[in-house]
Amino acid sequence: MSEKNKLSLSVQYPDSRLEASITRPKIRRWVQAALFAPAELTIRFVDAEEGRSLNRDYREKDYATNVLTFAYNEGEEALADDEPTRADIILCTDVLEKEAAEQQKSVEEHTAHLIVHGVLHAQGYDHMDDEEATEMEGLETGILAKLGISDPYKE
């Protein structure tokens, strides 16, 4: 593994429904594909109650969302200091399963997309305006294509 993509990864399954199918080796592959620099990441799968609580407490939005990224040293400053990207990426199993069914995608492919999305957020990418969204979606689509996963934004 190149120093550029050195990864320390912790995977937590307090909601264990996906533990057998969304395995640590798969997660590591997806994370590694989206990394542009060394990182120390935790990926945590939670139920709707914990997802809602985190979203409410930290984003003041009272609902469970598919993925939350808590980046502790994101952006150019972290990269300039040669510090690894540090973040917790929280995936809500209830929401991601519901979305996968609604979008007629496999849970595995949708989870891969959300993990790539979260890893990009951890590295300072965002989608707050159209230009940022276009850049981030392009990165996601390219990374997922290299993983053999179709464009998640295609209708």
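In this report, the structure presented in the accompanying data block is examined. Given the structure is predicted, the values throughout are model-derived calculations rather than measurements.

## Some points on helix α2 (residues 48–59)
For α2, with 12 residues, the first-to-last C-alpha span of 15 Å sits near the 16 Å given by 1.5 Å per residue. Taken residue by residue, α2 has Gly51, Leu54 and Asn55 as its buried positions. With its buried residues spanning 95° around the axis, α2 presents them on a single face. In this structure, the buried residues of α2 make contact with β2 (39–46), β3 (67–71) and β4 (85–92). Within two residues after α2, Glu60 carries a phi angle of roughly 55°, on the positive side.

## Remarks on a negative patch on the surface
Among the surface-exposed residues, Asp129, Asp130, Glu131, Glu132 and Glu135 lie close enough to one another that they form a single negatively charged patch. Along the chain, the position of Glu132 falls in helix α6 (residues 130–146).

## Digging into the environment of Asp62
Relative to the elements of secondary structure, Asp62 occurs in the loop between α2 and β3. The class of Asp62 is partly exposed, set by a relative accessible area of 43%. Distance in space between the C-alpha atoms of Asp62 and Glu83 is 33 Å, their sequence separation being 21 residues. A polar contact is formed between the side chain of Asp62 and the side chain of Arg52, at a distance of 2.8 Å.

Rules used in this analysis
Residues numbered from 1 in each chain as written. Predicted model: local features only at pLDDT ≥ 70, side-chain atom pairs only at ≥ 80, totals over all residues. Heavy atoms only, no water. Helix = DSSP H or I, 4+ residues; strand = E, 2+ residues; numbered from the N terminus. Expected span 1.5 Å × (residues − 1). Buried < 20%, exposed > 50% of the residue type's maximum accessible area, 1.4 Å probe, protein only. Arc of directions from axis to C-beta. Contact = heavy atoms within 4.5 Å. Patch = residues over 30% accessible without salt bridge, like charges linked within 9 Å, V, L, I, M, F, W, Y side chains within 5 Å. Areas by Shrake-Rupley, 256 points an atom, 1.4 Å probe, with all protein chains shown as cover. Salt bridge = Lys/Arg side-chain N within 4 Å of Asp/Glu carboxyl O. Lys, Arg positive; Asp, Glu negative; His and termini not counted. Charge placed at Lys NZ, Arg CZ, Asp CG, Glu CD. Polar contact = N/O pair within 3.5 Å; in protein donor to acceptor, adjacent residues only side chain to side chain.

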